[in-house]
Amino acid sequence: MSADRRLTRRELLRAGAIGTVGLATGGAALSLPALAQDQAVDTVHGSHHDMVTVGQLAPGSFDPAAFLTHFDGGRVSTLPSGQVLREYDLVAEDREIEVAPGVFYPAWTYNGQVPGPTIRCTEGDRLRVRFTNRGSHAHSIHFHGIHPSNMDGAFEPVHPGRSYVYEFDAEPFGLHLYHCHTVPIKRHIHKGLYGAFIIDPKGGRPPAREMVMVMNAFDTNFDGENEVYAVNTVAFHYQKNPIHVRHGELVRVYLVNITEFDLLNSFHLHGNLYRLYRTGTDLERFEWTDMVSLAQGERAVLEFTYKHPGPFMFHAHQSEFAELGWSGIFLVEPPNA
Ligand SMILES: [Cu+2]
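Visitor: Just checking my understanding: could you explain the overall build of the protein chain for this structure?
Guide: The number of helices and strands found in the protein chain is six helices and 20 strands. The buried share among the 337 residues of the protein chain stands at 53%. For the protein chain, long-range pairs separated by at least 24 residues make up 71% of all intrachain contacts whose partners lie at least 6 apart in sequence.

See the structure below:
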């Protein structure tokens, strides 16, 4: 990618993010000492513009902090057979979303948000998802996992004003994904029709501080490549609002890559390594690493515990993605905090 092209992409984020020009100056936008120091250094080189956006999202916008730890178990009841039934309503609707302060994107959404709600159940549960299309185009829901052909969402486009009920047993346990599978799929996914789909093992996983991170990106000028990158839609949100975790606490991240246009996305953790459970389908085997690359549609469960307190970055290791918004901070609180 040429330097000119990269500049264009950065300028877009910057211009939209500010309106009033002038990004964070002298570390004003970040109160963390380590970052202020970094910014001071960057200011010398004139590159601190890439560090973070300023300003706040409009009131009522999607809240990445709430999304991070919200798992939707649906309406729970028990079938005559004794099987647990979880019912969901997913509605497709067109909606403009804010992907950085002042930067709006005309999205297609499930339930008005991008990503859609994180659907969570236990292996063996019956899922019943009532899908209603209130959008302007035909859509569907394609769940990853094991299910009958007519529940696959690939051959039954649901036209505007119509509904479809997806019903199947949840298997296998792991970290899955759902997304629209209507052609052209590239467009329908990029527009925002996707979400995380977690099937817990029957015995559960060890207790942990859990969060979901969906790596996504937005082509805000419709040139076929992304201008804004993030986990959970809003550029730099978790850098401006660090995620607090406790020293010694087990943290579990459900990581999904749905980034369109780029072949790979990645997750690098600072000051630590994580256990990497690919697709979350095996409780025993894992890699011990600080870096994973995922193609579009790939998922992984990451588990880690911090040994040292303080702020630690996490970000895409594609530096350009990190500078265009896919960067955050874990703030590890000391043992006695
Ligand atoms: Cu669609």
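Visitor: Looking at this structure, I do not really get the packing of aromatic side chains. What am I missing?
Guide: Applying the stated criterion across every chain yields a total of 23 aromatic pairs. Grouping aromatic residues by their ring pairs yields a cluster made of Tyr110, Phe131, Phe143, Tyr164, Tyr166, Phe168, Tyr178 and Phe197. The ring of Phe71 carries the charged tip of Arg120 above its face, separated from the ring centre by 4.6 Å. It is Lys191 that lies over the ring of Tyr105; its NZ or CZ is 5.6 Å from the centre.

Visitor: What is the right way to read the layout of surface pockets from this model?
Guide: Any empty space left between the atoms is revealed when a probe the size of a water molecule rolls over them. In this structure, the second largest pocket occupies an estimated 160 Å³ of space. In this structure, the second largest pocket is lined by Tyr105, Lys186, Arg187, His190, Lys191, Asp219, Phe222 and Phe261. With three residues, the top contributor of residues to the lining of the second largest pocket is helix α4 (residues 185-190). Partitioning the lining of the second largest pocket into residue classes produces three nonpolar, one polar and four charged.

Visitor: I keep staring at the nonpolar core and nothing clicks. Help me out?
Guide: Grouped burial of nonpolar side chains is what soluble globular proteins tend to show. Ranked by size, the top nonpolar core spans 31 residues in total, and within it Met213, Phe267, Phe314 and Phe330 carry the most contacts. When residues of this core are assigned to their parent elements, the largest contribution, four residues, is made by strand β10 (residues 209-218). The residues contacting Phe330, other than those within four sequence positions of it, are Met211, Met213, Ile243, Val245, Val253, Leu269, Phe304, Tyr306, Gly310, Pro311, Phe312 and Phe314. With 29 residues, the next largest nonpolar core counts Val99, Val103, Ala107 and Leu175 among its residues.

Visitor: Sorry, what's going on with the pattern of salt bridges here?
Guide: Oppositely charged side chains may form a pair once their charged atoms are brought near each other. Counting across every chain of the model gives 14 salt bridges. In this structure, Arg130 and Glu87 form a salt bridge, with 3.4 Å as the shortest nitrogen-oxygen distance. Here the residue Arg130 occupies a position in strand β5 (residues 126-133), and Glu87 occupies one in strand β2 (residues 84-100), the gap between them amounting to 43 residues. Between Arg120 and Asp200 there is a salt bridge, and its shortest N-O distance comes to 2.9 Å. One end of the pair, Arg120, is in strand β4 (residues 119-122); the other, Asp200, is in strand β9 (residues 194-200), and 80 residues separate them in sequence. Neither Arg120 nor Asp200 differs from the other in exposure class; each is buried. Among the charged side chains, a salt-bridge network with shared partners connects Glu87, Arg126, Arg128, Arg130, Glu167 and Asp169.

Visitor: What is the right way to read the coordination of the copper ion from this model?
Guide: The copper ion binds to the protein through His139 (ND1), Cys180 (SG) and His188 (ND1); the donor distances cover 2.0 to 2.1 Å. On the primary sequence, the residues serving as donors to the copper ion are separated as H-x40-C-x7-H. Of this pair, His139 sits in the loop between β5 and β6 (142-143) while Cys180 is found in the loop between β8 (174-179) and α4, placing the two residues 41 residues apart along the sequence. We classify His139 as buried; its relative accessible area is 1%.

Visitor: Any chance you could explain the side chain of Glu303 here in plain terms?
Guide: Structurally, Glu303 can be placed in strand β18 (residues 299-305). Among the polar contacts listed, one links the side chain of Glu303 to the side chain of Arg252, at a separation of 2.7 Å. The residues contacting Glu303, other than those within four sequence positions of it, are Leu250, Val251, Arg252, Tyr274, Arg275 and Tyr277.

Visitor: Would you take a moment to explain the environment of Ala154 for this structure?
Guide: One can find Ala154 in the loop between β6 and β7 (163-169). Ala154 gets classed as partly exposed once you look at its relative accessible area, which sits at 25%. Taking the C-alpha atoms as reference points, Ala154 and His181, 27 residues apart in sequence, are found 5.5 Å from one another.

Visitor: Explanation requested: the sheet that holds β6 in the structure shown.
Guide: Strand pairing in a sheet relies on backbone hydrogen bonds. The paired strands run either parallel or antiparallel. Strand order across the open sheet formed by four strands is β4-β9-β8-β6, with mixed pairing between neighbours. Two strands in the sheet have a free side with no partner beyond their single neighbour: β4 and β6. Note that β4 and β9 share four bridges and pair parallel. Bridge assignment links Thr122 to a residue of β9, and that residue is Asp200.

Rules and cut-offs
Residues numbered from 1 in each chain as written. Predicted model: local features only at pLDDT ≥ 70, side-chain atom pairs only at ≥ 80, totals over all residues. Heavy atoms only, no water. Helix = DSSP H or I, 4+ residues; strand = E, 2+ residues; numbered from the N terminus. Buried < 20%, exposed > 50% of the residue type's maximum accessible area, 1.4 Å probe, protein only. Contact = heavy atoms within 4.5 Å. Phe/Tyr/Trp six-rings, centres within 6.5 Å; stacked < 30°, edge-to-face > 60°. Lys NZ or Arg CZ within 6 Å of the ring centre and 35° of its normal. 1 Å grid on protein atoms, 1.4 Å probe; cavity = no way out; pocket = protein on both sides within 12 Å on 5 of 7 lines; lining within 4 Å. Points joined across faces, edges and corners; volume = space filled by probe spheres on them. Nonpolar A, V, L, I, M, F, W, Y, C, P; charged D, E, K, R; others polar. Core = buried A, V, L, I, M, F, W, Y, C linked by side-chain atoms within 4.5 Å. Salt bridge = Lys/Arg side-chain N within 4 Å of Asp/Glu carboxyl O. Donors = N, O, S within 2.8 Å, 3.2 Å for Na, K, Ca; no water. Polar contact = N/O pair within 3.5 Å; in protein donor to acceptor, adjacent residues only side chain to side chain. Pairing = 2+ DSSP bridges.

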